[in-house]
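Structural overview for review
Here's the letter readout for the chains.
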Amino acid sequence: MKAKRILIIDDERSLLETLEMFLTEKGYSVRCALSGKEGLKQCSLFDPHVIILDIRLPDRDGLEVLQELIQNDKKNIIIITAFHDMDITIKAVKLGAFDYIPKPIDVEELDRVIDKALKSLSLGRTVEEDVCIDPSLSYLSGKIIGKSKGIKEIFKAIGILSENRVTVLIEGETGTGKELIARAIHCNSPYREEPFQAINCSTIVGTLLESELFGHEKGAFTGAFGLKRGKFELAGHGTIFLDEVDDLPLTLQSKILRFLQEKEFERLGGEKKIKSNARVIAATNKDLWKMVKEGTFREDLFYRLNVANIKVPPLRERKSDIPLLVEYILRKISQELSKSIKKVEKEALKRMIEYDWPGNVRELENVLTNVALNTPGEVILEEAIAPLLGQKLNIHQNPIYLLNKKQNLKDIEKEHILEVLNHTQWHLGKACQILGVSRPTLRHKLKAYEISGDRKTI
Ligand SMILES: Nc1ncnc2c1ncn2[C@@H]1O[C@H](COP(=O)(O)OP(=O)(O)OP(=O)(O)O)[C@@H](O)[C@H]1O
Ligand SMILES: [Mg+2]
């Protein structure tokens, strides 16, 4: 990695020499200036990452120099001040100095402040820099990446909500990370060893959804071949995540409401009351309150779900997270797809920062996966990114989506059969036609995969 550049502006020659020696030894590339004028000149020639500026200079007012540097878009300026200069120090910080360090200088302290400044540079990275990916750094799956104000608020909420078991409603556009946040609440809670049961309320319909959630007794309906425990039962003391909760049919809304009030339910076709201590986290990308007003979502259930609320801002409202996400996602891709991408050139990053990402982080993941797979070299160029923006890549064909789910062929077959059955509203004849199999074959598969539900014809 190239050495980071540091410019020191100070009129005290002996201090300059000491600092230059110390920082050079630390691996920085250092340049010095003995006056404000010289400092400003060096700044444009040397383009330092960090500037150390003595606020008392012989030729110019240090605050003026600071202002000029900031106007030239220099953000990482560390001020050297004397103890009695407190009011100047405060002014300097207000003007935008990154930090200050009092005389006599403690070099170790200075080193720490420089380190912090350099880190903040990479966090608030502007479009002037390439993103470098170090594939040797491991990536932790399930990590929530971001340093924007919006994400920091979410970290805070996760911290608070993992300490108690209130019901949480997570609202946000598609692909903003709602499930990731739900999992983070679970994984940070004292019940992390208990199951996390996720269910997408929009992918299964009718009786089948009810049975997935609450289970069924043997023979509860045609095709209920045996007893089945539902997610509420399987979750134990863990978490049940109701994704796309807005799609819950009204009949099921009342059953879930009852569960939230009484912590008990019956399996489909059963009378025995079953207790469950599962914690409910729900997510939606719709305006649930609007649905309440329109009469498509129960108001009482809305209040029961919305005990605590997390609103996830869309990616376009927290663009400062994009460079970090790009870096993280490419590390993930490098490891999962055995692709070595080392750098994203600055123009490519600029394009990604300018774009509005209607599909949010998931769309960013898809674009990067696509580009990574099709990039022969190790650098991602703007030409590769630009044509993919706004293309609505199909996430279900996205290899990383599949890899994340670690699906095997059987899972895919089961999912496909369920999709077709839902599509034909459980008309087995039509389903057999679409699937290109005979009725006995389909029946056999239904049994093997323990699929059961409303069947119009058999
Ligand atoms: N802040 C983040 N840091 C790292 N990865 C993220 C972040 N936000 C989202 N992702 C990733 O983006 C993808 C989409 O996230 P997730 O499935 O949680 O979104 P969602 O809001 O539940 O989407 P949908 O509404 O479509 O269900 C996932 O692969 C997730 O890991
Ligand atoms: Mg989701």
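Higher on the page you've got the structure.
Note that the coordinates shown come from a computational prediction; the quantities given were computed from them, not determined experimentally.

Time to look at the overall build of the chain. For the chain, the count of helices and strands is 20 helices and 15 strands. Across the chain, contacts joining residues at least 24 apart in sequence account for 71% of those joining residues at least 6 apart. Surface exposure of the chain reaches about 23,300 Å², of which carbon and sulfur atoms provide 52%.

As a further point, take the packing of helix H8 (residues 206–214) against helix H10 (residues 250–262). Running from N to C, H8 and H10 point in directions that differ by 15°, and their axes come no closer than 10 Å. As the angle between them shows, H8 and H10 are arranged roughly parallel. Pair H8 / H10 crosses with right-handed handedness. Two secondary-structure elements touch here, H8 through Leu209, Glu210, Leu213 and Phe214 and H10 through Leu252, Lys255 and Ile256. Looking at the contact of H8 with H10 residue by residue, the classes come out as 5 nonpolar, no polar and 2 charged.

All right, on to the nonpolar core then. Counting 43 residues, the largest nonpolar core has Leu213, Phe232, Leu242, Val245, Ile256 and Phe297 as its most contacted members. Considering every element that reaches this core, the biggest residue donor is H10, with 5 residues. Structurally, this core is a two-domain feature, drawing no fewer than three residues from each of domain 2 (149–311) and domain 4 (409–448). In this structure Phe297 touches Val245, Asp246, Gln253, Leu288, Met291, Val292, Phe302 and Leu305, once residues within four positions along its chain are discounted.

Time to look at the packing of aromatic side chains. For the structure on display, the rule yields 10 aromatic pairs. Arranged with centres 6.0 Å apart and planes meeting at 55°, the rings of Trp289 and Tyr303 form a pair that is tilted. With Trp289 in helix H11 (residues 288–294) and Tyr303 in helix H12 (residues 299–305), this pair connects stretches of sequence that are 14 residues apart. A centroid spacing of 4.6 Å and a plane angle of 85° characterise the contact between Tyr355 and Trp357, whose relative ring orientation is edge-to-face. Its relative accessible area of 0% is what places Trp357 among the buried residues. Three or more aromatic residues link up through ring pairs in this structure, and these residues are Phe214, Phe232, Phe259 and Phe265. The side chain of Arg165 reaches across the aromatic face of Tyr191, ending 4.0 Å from its centre.

Here we take up the side chain of Lys178. Topologically, Lys178 is positioned in helix H7 (residues 178–187). Buried and unpaired, Lys178 has Asp243 as its nearest opposite-charge partner, separated by 5.7 Å. Side-chain polar atoms of Lys178 contact the backbone oxygen of Glu173, separated by 3.0 Å. In this structure Lys178 touches Ile170, Glu171, Gly172, Glu173, Phe241, Ala283, Thr284, Asn285 and Val312, once residues within four positions along its chain are discounted.

Looking now at the site of ligand 1. If you check the shell around ligand 1, you find 17 residues, and the closest are Ile145, Thr174, Lys178, Arg362 and Glu365. The backbone of Gly175 places a nitrogen or oxygen atom 2.9 Å from an oxygen atom of ligand 1. Here an oxygen atom of ligand 1 and a backbone polar atom of Glu179 are 3.1 Å apart. Protein contacts shield 89% of the accessible area of ligand 1, which totals 630 Å² for the unbound molecule. When contributions to the shell around ligand 1 are tallied by element, the ones reaching two or more residues are H7, helix H13 (322–336) and helix H15 (360–374). Residues belonging to the shell around ligand 1 are distributed by class as follows: 6 nonpolar, 4 polar and 7 charged. Residues from two domains meet in the shell around ligand 1; each of domain 2 (149–311) and domain 3 (318–404) gives at least three.

Attention now moves to the sheet that holds strand E3 (residues 50–54). Within a beta sheet, neighbouring strands are joined by backbone hydrogen bonds and run either parallel or antiparallel to one another. Strand order across the open sheet formed by 5 strands is E2-E1-E3-E4-E5, with parallel pairing between neighbours. Lying at the two open borders of the sheet, with one neighbouring strand each, are strand E2 (29–33) and strand E5 (99–102). Taken over all neighbouring pairs, the strand axes of this sheet differ in orientation by 20° on average, direction set aside. The sheet contact formed by strand E4 (residues 77–81) and E5 spans 4 bridges and is parallel. Within E5, the residue paired with Ile79 across the bridge is Tyr100. Helix H2 (residues 36–46) rests against strand E1 (5–9), E2 and E3 of the sheet, and its axis sits at about 150° to E2. The strands touched by helix H3 (residues 62–71) are E1, E3 and E4; relative to E3, the strand with the most contacts, the crossing angle is about 165°.

Next up on the list: the pattern of salt bridges. Applying the stated criterion across every chain, the model contains 32 salt bridges. Arg351 is the salt-bridge partner of Glu382, the closest N and O atoms lying 3.0 Å from each other. Taken as a pair, Glu382 in helix H16 (residues 382–385) and Arg351 in helix H14 (residues 346–354) lie far apart in primary sequence, 31 residues in all. Across the pair Lys445 and Glu413 runs a salt bridge whose closest N-O atoms are separated by 3.3 Å. Residue Lys445 is found in helix H20 (residues 439–448), and its partner Glu413 is found in helix H18 (residues 409–423); the two are separated by 32 residues along the sequence.

What counts as what
- Residues numbered from 1 in each chain as written.
- Chains lettered and ligands numbered in written order.
- Predicted model: local features only at pLDDT ≥ 70, side-chain atom pairs only at ≥ 80, totals over all residues.
- Heavy atoms only, no water.
- Helix = DSSP H or I, 4+ residues; strand = E, 2+ residues; numbered from the N terminus.
- Contact = heavy atoms within 4.5 Å.
- Areas by Shrake-Rupley, 256 points an atom, 1.4 Å probe, with all protein chains shown as cover.
- Axes fitted to C-alpha atoms, helices over the stretch in contact; angles between N-to-C directions.
- Parallel < 35°, antiparallel > 145°, perpendicular 65-115°, else oblique.
- Left-handed = near helix turned anticlockwise from the far one by under 90°.
- Nonpolar A, V, L, I, M, F, W, Y, C, P; charged D, E, K, R; others polar.
- Core = buried A, V, L, I, M, F, W, Y, C linked by side-chain atoms within 4.5 Å.
- Buried < 20%, exposed > 50% of the residue type's maximum accessible area, 1.4 Å probe, protein only.
- Domains from an automatic or database assignment.
- Phe/Tyr/Trp six-rings, centres within 6.5 Å; stacked < 30°, edge-to-face > 60°.
- Lys NZ or Arg CZ within 6 Å of the ring centre and 35° of its normal.
- Lys, Arg positive; Asp, Glu negative; His and termini not counted.
- Salt bridge = Lys/Arg side-chain N within 4 Å of Asp/Glu carboxyl O.
- Polar contact = N/O pair within 3.5 Å; in protein donor to acceptor, adjacent residues only side chain to side chain.
- Near = heavy atom within 4 Å.
- Pairing = 2+ DSSP bridges.

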